[in-house]
Amino acid sequence: MIALSRRLFLATGLAAFASPAFGQSDIDGLEVELFDHPGITPWGEEDVDFRSLSNAEWRDRLNGEQFRVLRQEGTERAGTSPLNREHRDGIFVCAGCALPLFSSEAKYESGTGWPSFWSPIRGAVATKPDYRIWTPRTEYHCARCEGHQGHVFDDGPRPTRQRWCNNGVALSFVPRSDAL
């Protein structure tokens, strides 16, 4: 189980509402805490440079489907993730490095078959263009380990009107009761 402090959980929840849509810009100090907090690093490895791990090391850490999605930019089949039905309070963390990516408060039912969120935790993901299909899309990855998470679209609900469509296998869920 990933040990998260009460302070980190509260910071994570607040960070989900730090987007420009909410007009809050004084939350930058929380980003450093989220990235540097030893409680969000799995296996007790505070000094792991996740970006420098070899494919063999990633294969040892992940199951086959997680490796295919996180490290090879694959996509899981729609409707297969138990996280689609996850409605408890908590945070969704990267399955590769346990970085908090989304608050449960930003999750919504998109009808797509994948866990969807209207906003990530500020600073937790990085985007890049994806031209693998006939139309350009915006792909996003975990900012710490660079594991592929999914794609972001402009057809989501208010307040951002974004749909961060995530592969469930690329996430783990930490309920609020475990995080406090």
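Residues numbered from 1 in each chain as written. Predicted model: local features only at pLDDT ≥ 70, side-chain atom pairs only at ≥ 80, totals over all residues. Heavy atoms only, no water.

*Asks:* Describe in detail the overall build of the protein, supporting the description with residues and values.
*Replies:* Each helix and strand counted, the protein has five helices and nine strands in total. Going from N to C terminus, the protein has its helices and strands arranged as α-α-α-α-β-β-β-β-β-β-β-β-β-α. Counting over 180 residues, the protein shows a buried share of 51%. A sequence separation of at least 24 residues applies to 60% of the contacts in the protein between residues at least 6 apart. (Helix = DSSP H or I, 4+ residues; strand = E, 2+ residues; numbered from the N terminus. Buried < 20%, exposed > 50% of the residue type's maximum accessible area, 1.4 Å probe, protein only. Contact = heavy atoms within 4.5 Å.)

*Asks:* Before we move on, can you summarise the pattern of salt bridges with the specific residues and values?
*Replies:* Under the defined criterion, the tally for this structure stands at nine salt bridges. A salt bridge links Glu146 to Arg51, with the shortest nitrogen-to-oxygen separation between them at 3.4 Å. You can see Glu146 sitting in the loop between β6 (137-142) and β7 (148-153) and its partner Arg51 sitting in the loop between α2 (28-36) and α3 (55-61), a full 95 residues away along the chain. The partner of Glu73 in a salt bridge is Lys128, with the nearest N and O atoms 3.0 Å apart. Placement of Glu73 in the loop between α4 (64-70) and β1 (90-94) and of Lys128 in strand β5 (residues 125-130) is noted, with a sequence separation of 55 residues between them. The class for Lys128 is partly exposed, based on a relative accessible area of 34%. Each of Glu73, Lys128, Asp130, Arg132, Arg137 and Glu139 takes part in salt bridges that share partners, so that together they form one network. (Salt bridge = Lys/Arg side-chain N within 4 Å of Asp/Glu carboxyl O.)

*Asks:* Can you explain the pairing of β6? Please cite residues and give values.
*Replies:* Bridge count for β5 against β6 is six bridges, and the pairing is antiparallel. Residue pairing across strands places Ala126 opposite His141, the latter belonging to β6. Hairpin connection, β5 to β6: the antiparallel pair is bridged by six residues. Relative to β7, β6 runs antiparallel, the two sharing four bridges. By the bridge assignment, Tyr140 is partnered in β7 with Gly150. In sequence, β6 turns back onto β7 through a hairpin of five residues, with Glu146 there showing a positive phi of about 65 degrees. (Pairing = 2+ DSSP bridges.)

*Asks:* Which residues make up the pairing of β1, and what values do they have?
*Replies:* The element β1 is largely enclosed, with a buried count of five among its five residues. Strand direction decides the pairing type here: β1 and strand β9 (residues 171-175), joined by five bridges, are antiparallel. When the sheet's bridge partners are listed, Ile91 is paired in β9 with Val174. Bridge count for β1 against strand β2 (residues 100-103) is three bridges, and the pairing is antiparallel. Counted as the bridge partner of Phe92 is Phe102 from β2. Once β1 ends, the chain turns through five residues before running back antiparallel as β2, passing Ala98 with a positive phi of about 70 degrees.

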